[in-house]
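Each chain, written out:
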Amino acid sequence: MTESALVRVEDLRVTFHLPRRTVEAVRGVSFEIEPGECVAIVGESGSGKSVTARALVGLAGPGARVDATRLEVDGQDARRFAPRDWRRFRGGFAGLVLQDALVSLDPLRTVGAEISEVLRVHGRGPRSARTEQAHRLLEEVHVPEPERRAGQYPHQLSGGLRQRALIASALAGGPRLLIADEPTTALDATVQAQILTLLAERRAAGETLLLISHDLAVVARLADRVLVMKDGRIVESATTRALLSGADHPYTRQLIAAGSGRRRVSTAEPGPVVAEATALRKVYGDRAVVRDVDVTVRRGEIVGLVGESGSGKTTVAQLLFGLVEPTSGQVRFEGRRFSGVPERARRPLRRRLQFIAQDPLSAFDPRWTVRRIVAEALPRGTAVAPLLERVGLDGDVLDRYPRQLSGGQRQRVAIARAIAPRPSLIICDEPVSALDVSVQAQVLDLLAGIRESDGTALLFISHDLGVIRDLADRVLVLHDGRVVEQGPVQAVFDRPGHEYTRRLLAAVPTLEVSA
Amino acid sequence: MIRPILRRVGAGVLVLWAAATAAYLALLAAPGDTVDAIIGDGADTPLIRAQIIQEWHLDRPAVVQYADFLWRAVHGDLGRSYLLQRPVAEVIGGQLAPTLKLAATAAGFGILLALVLALVARRPWVRRLSSTTELVLVSTPPFLIGIVLLSVFSFRLGWFPVSGDRGAAALVLPAITMGLPIAGTLAQVLRDGLDRALEEPFAVTARSRGLRERSVLVRHALKHALLPAVTMLGWSFGVLIGGTVIIEQVFGRPGLGQVTVQAVSSSDLPVVLAVVILAAAVFVVINTVTDLAYLLIDPRLRRS
Amino acid sequence: MTIALTRPGTARLNLRVPRPGVAAATLFLAVALTAAIGPSLFAGDPLAADPLHVLEGPSGRHWFGTDQLGRDVFARVVHGARHSLSIGVAATLIAVGSGILIGLIAGLSHRIADEALSRSVDALSAFPLVLLALLFIAIAGPGTTSLIVAIGVALIPHFARVVRAQTFVVRRAAYVTHAVAFGAARSRLVLRHVLPNVLGPVPVLAVIGLSEAILLAAGLSFLGLGPQPPSPEWGAMISEGRGYLHIAWWASVLPGLVVTATIISLTVVGRFCQRRFEGREIA
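No experiment lies behind these values; they were computed from the predicted model shown.

(A) The arrangement of the sheet that holds strand S3 (residues 38–42) of chain A in detail. All names here are of chain A. With respect to topology, six strands assemble into an open sheet ordered S7-S8-S9-S3-S10-S11, the strand pairing being mixed. What marks the edges here is a single partner per strand, and that holds for strand S7 (94–97) and strand S11 (233–239). Shown here is a sheet whose adjacent strand axes are inclined to one another by a mean of 15°, direction ignored. Bridge count between strand S8 (residues 177–181) and strand S9 (residues 208–213): five bridges; the pairing is parallel.

(B) Quick peek at the interface of chain C and chain B. Contacts between the two partners involve 39 residues from chain C, matched on the other side by 49 residues from chain B. Counting each side, the surface lost to burial between chain C and chain B is near 3900 Å², with a carbon and sulfur contribution of 80%. Across the chain C-chain B interface, the total number found is zero salt bridges. Here chain C is connected to chain B by one residue pair in polar contact (both at pLDDT 80 or more). Each residue belonging to the side of chain C that touches chain B can be placed in one class, and the counts come to 27 nonpolar, nine polar and three charged.

(C) Representation of the environment of Leu100(B) in the model. With respect to the secondary-structure elements, Leu100(B) resides in helix H5 (residues 88–120). Taking the relative accessible area as the measure of exposure, Leu100(B) reaches 53% and is therefore exposed.

(D) Layout of the pattern of salt bridges. Under the defined criterion, the tally for this structure stands at 47 salt bridges over all chains. Between Glu213(B) and Arg207(B) there is a salt bridge; the shortest N-O distance is 3.0 Å. Note that Glu240(C) is salt-bridged to Arg71(C), the shortest N-O span being 3.3 Å. Highlighted residues: Glu240(C) in helix H10 (residues 234–241) and Arg71(C) in the loop between helix H2 (19–37) and helix H3 (73–108), separated in sequence by 169 residues. For Glu240(C), a relative accessible area of 24% gives the class partly exposed. On the basis of relative accessibility, which here comes to 4%, the residue Arg71(C) falls in the buried class. A cluster of three or more residues bridged by salt bridges with shared partners is formed by Arg109(A), Glu114(A), Glu117(A) and Arg209(B).

(E) Structural context of the UniProt feature "domain: ABC transporter" (unreviewed entry) in chain A. All names here are of chain A. UniProt's feature table lists "domain: ABC transporter" (unreviewed entry) at residues 7–256 and 275–505, given in the numbering used throughout. In this annotation, residues 7–256 is assigned 38% helix and 26% strand; the end-to-end C-alpha distance for the span is 27 Å. The span residues 275–505 is 35% helical and 27% strand by assignment, and the distance between its end C-alpha atoms comes to 28 Å.

(F) Structural context of the pairing of strand S5 (residues 70–73) of chain A. Residues and elements named next belong to chain A. Side chains Leu71 and Val73 of S5 all project onto a buried face; the interleaved residues Arg70 and Glu72 project onto a face where none is buried. As judged from the four bridges shared by strand S1 (residues 7–17) and S5, these two strands associate in the antiparallel manner. Its bridge partner being in S5, Glu10 is matched across the sheet by Arg70. Relative to strand S6 (residues 76–77), S5 is paired through two bridges, and the arrangement is antiparallel. Considered in S6, the bridge of Glu72 is made with Asp77. Counting the residues between successive antiparallel strands, the hairpin from S5 to S6 contains two residues, one of them, Asp74, with a positive phi of roughly 55°.

(G) Region of interest: the interface of chain A and chain C. At the junction of the two partners, chain A supplies 22 residues and chain C supplies 21 residues. Across the chain A to chain C interface the summed buried area is about 2000 Å²; carbon plus sulfur atoms make up 55%. The tally of links between chain A and chain C comes to two salt bridges. Across the pair Arg188(C) and Glu376(A) runs a salt bridge, and its minimum N-O distance is 2.8 Å. Our count for the chain A to chain C interface comes out at four residue pairs in polar contact (both at pLDDT 80 or more). The set of elements that each furnish at least two residues to the side of chain A that touches chain C consists of helix H13 (343–350), strand S17 (353–356) and helix H14 (370–377) of chain A. Here the residues of the side of chain A that touches chain C sort into 10 nonpolar, two polar and 10 charged.

(H) Fine view of the packing of helix H5 (residues 129–140) of chain C against helix H6 (residues 144–172) of chain C. Residues and elements named next belong to chain C. For the pair H5 and H6, the least separation of the axes is 8 Å and the interaxial angle reads 140°. Of the possible angle classes, the one that applies to H5 and H6 is oblique. Crossing hand, H5 versus H6: right-handed. Between H5 and H6, the contacting residues are Leu129, Leu132, Ala133, Phe136, Ile137 and Ala140 on the first element and Ser146, Leu147, Val149, Ala150, Ala154, Leu155 and His158 on the second.

(I) Main features of the UniProt feature "domain: ABC transmembrane type-1" (unreviewed entry) in chain B. Per the UniProt entry, the sites bearing "domain: ABC transmembrane type-1" (unreviewed entry) are residues 96–290 of chain B in this numbering. Counting secondary structure, residues 96–290 of chain B comes out at 85% helix and 0% strand; the distance between its end C-alpha atoms is 23 Å.

(J) Just the UniProt feature "transmembrane region" (unreviewed entry) in chain B, in detail. Residues and elements named next belong to chain B. Sites flagged by UniProt as "transmembrane region" (unreviewed entry) map to residues 102–121, 133–155, 167–190, 225–251 and 271–297. Along residues 102–121 one finds 95% helix and 0% strand; the C-alpha atoms at either end are 27 Å apart. As annotated, residues 167–190 has a helix share of 92% and a strand share of 0%, and its two end C-alpha atoms lie 33 Å apart.

(K) Quick peek at the nonpolar core. Among the nonpolar cores identified, the biggest contains 161 residues, and Ile151(C) and Leu220(C) are the most heavily contacted of them. Beyond its immediate sequence surroundings of up to four residues, Ile151(C) is in contact with Ile87(C), Ala91(C), Ala213(C), Leu216(C), Ala217(C) and Leu220(C). With 52 residues, the next largest nonpolar core counts Leu198(A), Leu211(A), Ala220(A) and Leu255(A) among its residues.

(L) Inspection of the confidence of the model for chain A at higher detail. For chain A, per-residue confidence averages 89 on the pLDDT scale, and 99% of positions sit at 70 or higher. Element-level pLDDT for chain A is lowest in helix H11 (residues 250–260) of chain A, with a mean of 81, against a maximum mean of 95 in S3(A).

(M) View of the domain arrangement of chain A. Residues and elements named next belong to chain A. By the assigned domains, chain A splits into domain 1 (7–259) and domain 2 (273–360 + 424–506). Each of domain 1 and domain 2 was reduced to a C-alpha centroid, and the two centroids are 36 Å apart. Counting residues at the interface gives 10 residues for domain 1 and nine residues for domain 2. Interface of domain 1 and domain 2: buried area, both sides summed, is about 990 Å²; carbon and sulfur atoms make up 46% of it. Our enumeration of links across domain 1 and domain 2 arrives at zero salt bridges. Seen at the junction of domain 1 and domain 2, the total is five residue pairs in polar contact (both at pLDDT 80 or more). Secondary-structure elements contributing two or more residues to the side of domain 1 that touches domain 2 are helix H8 (189–204) and H11.

About the thresholds
Here, residues in each chain are numbered from 1, in the same order as that chain's written sequence. All chains are assigned letters beginning with A, and all ligands numbers beginning with 1, in the order in which they are written. It should be noted that, the model being predicted, local features are given only for residues of pLDDT at least 70 and side-chain atom pairs only at 80 or more, the latter also being counted only at that level, while totals for whole chains, interfaces and linings use all residues. Hydrogens and water are ignored here; the side-chain numbers use all heavy atoms of the structure. Pairing between two strands is assigned when DSSP locates at least 2 bridges connecting them. Secondary structure elements follow DSSP: runs of H or I no shorter than four residues count as helices, runs of E no shorter than two count as strands, and numbering proceeds from the N terminus. The convention used is that axes are lines fitted to C-alpha atoms, helices contributing only their stretch in contact, and that angles between N-to-C directions extend from 0 to 180 degrees. Contacts are assigned to residue pairs with any non-hydrogen atoms lying within 4.5 Å of each other. Once two parts are joined, some of their accessible surface, as seen by a 1.4 Å probe, is lost; buried area is that loss totalled over both. We count a salt bridge whenever a side-chain nitrogen from Lys or Arg sits within 4 Å of a carboxyl oxygen from Asp or Glu. Polar contacts, as counted here, are pairs of nitrogen or oxygen atoms within 3.5 Å of one another; within protein the pair requires one atom able to donate a hydrogen and one able to accept it, and residues that are adjacent in sequence qualify only if both atoms are side-chain atoms. For this classification, the nonpolar set comprises Ala, Val, Leu, Ile, Met, Phe, Trp, Tyr, Cys and Pro, the charged set comprises Asp, Glu, Lys and Arg, and every other residue, Gly included, is treated as polar. Relative accessible area decides the class of each residue, using a 1.4 Å probe on protein chains only: under 20% of the type maximum gives buried, over 50% gives exposed, and in between gives partly exposed. UniProt positions are given in the numbering used here, feature names are shortened, and annotations may be inferred rather than shown by experiment. Angle categories: roughly parallel below 35 degrees, roughly antiparallel above 145, roughly perpendicular from 65 to 115, and oblique for all the rest. What makes a crossing left-handed is the near helix being turned counterclockwise from the far one by less than a right angle; a clockwise turn instead makes it right-handed. As used in this record, nonpolar core signifies buried Ala, Val, Leu, Ile, Met, Phe, Trp, Tyr and Cys residues forming a set joined through side-chain atoms within 4.5 Å. pLDDT expresses, on a scale from 0 to 100, how confident the predictor is about each individual residue. Boundary definitions for the domains trace back to an automatic or database domain assignment.

Take a look at the structure:
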């Protein structure tokens, strides 16, 4: 393109030489970033997107070998950079924002100290003015009461404020390029929307942005151009508009399809009530985590329970599952009392009620193979392979340990184990949150199929409204331990009645696909 | 902030009480007559026996004996050594200074050496050399280290005195002997903590600000590495106690260790029990210091 | 799965010993073990004094030289393996057995019983090992048996703590919750999930505990509180040779090096097994 490109990369390769093996993380990537542009790199885990971004600031990681026929930043050949040059360049020319400020800011130092550090390293202003300048930077990213916040530690700030502080520290050196690696991934939807607005503001002010994300929907609002990465290569590079109106590469199309959602509706009418919770209340100490929650799940029905972190959704799941006793209220399962009774009374019903967790790895006995894990859930002597086939797994995973499987495979094993005793209800707590978008779609298909064929009811807990919309029939919106709104998914999403639901819906990034 | 400190103090009192009780039970559990256990290898005359029965209230019910034992322990009266014919508090008090001097010097040397090893030896081959040395250090019986040092620096080279506690020179070899295992272990813990911290996202953020690797190490990682190292305080205290017992023998130094060994080999139980209670007291202090150090280093723990 | 080991130093030992090193350590342990079982395979009489050859340096005839009574130091070291290793092994068995029992009971029982057990174990484990052992010996008197029991008892808290912590982790692990989902009864949970996952790491811990026990035994014998002369125990030998350090360093330094080699070998082998074990448990 033009001579003025801020970053120019040709045939970038990053190889990790680990003790036992060599990993080619990035295999020949070329791109340019113009001043004032916002470029996004999108890809799933292991696509090499983060490594590419970090290679730009010389931080590809320990044991990494970086090769490129061209690696120019700000018109200089970065391949010839001495450590000194890199240090001047980092923070000064390019600022880096990582995911989850709770661990990306030093937890043992105050936010102010973290920001001042950049000022000190790059000699921005005299020592006496640094505190003041740190406050100004916090103000710039809309942190209220900057003087007070600067003296606090990351754990004392909310997720949103933390992330803002992290961005402030990346901006402190006055960089021309801001690299944001999954800047909103650990955040709730409403907070994510705020951070994206902040980034958009920076871009409007003339900052050049490089965004890295696994979620096309998140960056599509912001980016001028999108580079789609898969297995260390750029499979597609286009303007965001062009990409959404018709992607060339099948992988991109798959990502877009997964991001834009697809309703999985059932034809069957819901049957009799399977589980019913009335006036559930749970108090820990002096804090009511769940307050007066009523939930009814019918046979063949998928009920979505949506809420942000701290809304009490996991506690509701534990109450329904009989892991935690309610402070007041009652749970009934298949017409019988399920709360307030000894575990002995619940035991005969246990196999009819199953559970799928977000992190399947910890849900498996580490010493057991897949065969044994699934066999335990089946009647003695029943073959395991047909069940695995049903959840889309080959027989060759049978003798492997859970840790040797991919995230998607593990979740399939968890599903196989859950459906083995033919339960009437499966409680799913964020079952796809840890999975890549394309795998997410497959697992959702699988769950919808099981409901369809077995008539199993699902209580599906998620922070992700998109997932709920794609899968559930009815939705309950949980906020501060209370159900603030409920109803059929379509109705709630189209005409949200409660203010909180409206905010939540507005915050969800969606892909507006222009066909 | 007040409540955790109160809880800590309460726990400390509880440990002390438990130690005193255990000591008392040990006395009862000793084979033979309790009077025999208290006399140990000291002179055994009817007069002394009567004195012991009176002093320990052995003619009164066990509850009274126990209560009285606790009451006296609280007031610093730990009984009398019949072997040495002196009050236990006096025996121990007189030997405290040389032992404290040695332990403090050894701890200081060990901590300093550990910091140097962990922070400076970071190139791969230096690390390998350093961690091999540490493995050897923590695997060698401390008395062997002492013996080797003695035979080289005192007998061969004559740089340091062979035994005794006269002057600073006499302190050098024992302090090194006791400090080396501490240094070996602490260096491993520190290095491990540094390595872990350097892999954390905040270290990447720090580097992305243009910090030198050395600054990332000292300004960010070190504080994180100190947390597990502080946990080792209690353990180092154990090493120091065990160390004094053996090292004072090797170097012929006066001190609590000598007193303890002598008391153990001649069954001078009042002295042994007093040492146990003293150790418990020191342990409580060390633990409180550890907890406070934690609060000082990690703001996340300051929420009460 | 993170496991706190007895000796913090070896627990966090971040040293990757190359395979030849592990092989050498295994070989050394094998030899030491053989020597403990059949010392006469390697060396002659450890008690035969020879007044004409007192305190002679290492030579072809006396590999490790002779001591103040003209006894062959090498023969004494070889025969000493029986004393030192059997004291270590016996003490470790006591510690591991009681530790598992106490740890499991604490980890599986209800709050109050667990509190009581754990607090007392915590208080005990806070004490320096040497002091606990010394207290025991002060009461029971010196000698091999009391040395074994003293070291065994002193090491109990370490194992009890590890097993209790491990039990706690496993009990609360999501896979145990899941077993509840299948309506598994408590006894079945404990037998099928908790016990195997808790006891898995114990053999490795025992190897490292053994090194601790041997080190402690050598120290206490050095103080004259173990097997009484003329028994060729390693710590006692080092202590006896100490008086002749200025003219015959070998009489105490060489046995000391054998102790060190044993401890290093145990540590290396223990760490290797632990790494393998963890490698199996964790991706």
